[in-house]
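As a plain string of letters, each chain reads:
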Amino acid sequence: MTKLAGRRILIVEDEALVAMLVEDALLDAGAEVIGPVATVAEAVALLETSAPDAAVLDLNLAGETSTPVADVLATRGVPFVVATGYGAEGLPAGHASVPVLAKPYDPDELTNTLARICR
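The present account deals with the structure reproduced in this document. Computed from a predicted structure; not experimentally measured.

**Notes on helix 1 (residues 16-28)**
Because each turn of an α-helix spans 3.6 residues, side chains separated by three or four positions in sequence point in the same direction.
At step 1: Compared with an ideal rise of 1.5 Å per residue, which puts 13 residues at 18 Å, helix 1 spans 18 Å between its outermost C-alpha atoms and is within 8% of the ideal.
At step 2: Val 18, Ala 19, Val 22, Ala 25 and Leu 26 are the residues of helix 1 that are buried. Summarising the axial view, the buried residues of helix 1 lie within an arc of 130 degrees, below the 170-degree limit, and thus occupy one face. With respect to the buried face of helix 1, the exposed residues turned more than 90 degrees away are Ala 16, Leu 17, Leu 21 and Asp 28.
At step 3: In the core, the buried residues of helix 1 are packed alongside strand 1 (8-12), strand 2 (32-37), strand 3 (54-58) and helix 4 (107-117).
At step 4: Just downstream of helix 1 lies Gly 30, where phi reads positive at about 90 degrees.

Quick look at the structure:
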């Protein structure tokens, strides 16, 4: 399965087990994984030196909102998927059109969504 072959995907997720599962799914789909990172500061710093093709963004990072990361991604034209337990109503202002995956989500749903937005 190589639907994400050659794509560089940033993972922003504070739960280690979830981050590992996402990473495994992306690697299985042929992606190159950037991260994972668990904080807004780490994600923003990584974006200074990396140019992902897309990102998987957890909205709540240990009580901190990841909206600043979403804003940087949007400014750079990098598509992203929001992975959250809060549903679409938790989306950051200005990012209402972003695909939302409700946790827990199927790894195939994640990779299919990323393949779609990377086109």
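Right, picking up where we left off after that structure.
**Side note on the sheet that holds strand 7 (residues 100-102)**
At step 1: Judged by pairing direction, the sheet is parallel, and its 5 strands sit side by side in the order 2-1-3-6-7 without closing on themselves. Whereas interior strands pair on both sides, the edge strands pair on one side only; in this sheet they are strand 2 and strand 7. The average angle at which neighbouring strand axes cross in this sheet is 20 degrees, direction not considered.
At step 2: Here strand 6 (residues 80-84) pairs with strand 7 via 3 bridges, running parallel.

The rules behind these values
Residues numbered from 1 in each chain as written. Predicted model: local features only at pLDDT ≥ 70, side-chain atom pairs only at ≥ 80, totals over all residues. Heavy atoms only, no water. Helix = DSSP H or I, 4+ residues; strand = E, 2+ residues; numbered from the N terminus. Expected span 1.5 Å × (residues − 1). Buried < 20%, exposed > 50% of the residue type's maximum accessible area, 1.4 Å probe, protein only. Arc of directions from axis to C-beta. Contact = heavy atoms within 4.5 Å. Pairing = 2+ DSSP bridges. Axes fitted to C-alpha atoms, helices over the stretch in contact; angles between N-to-C directions.

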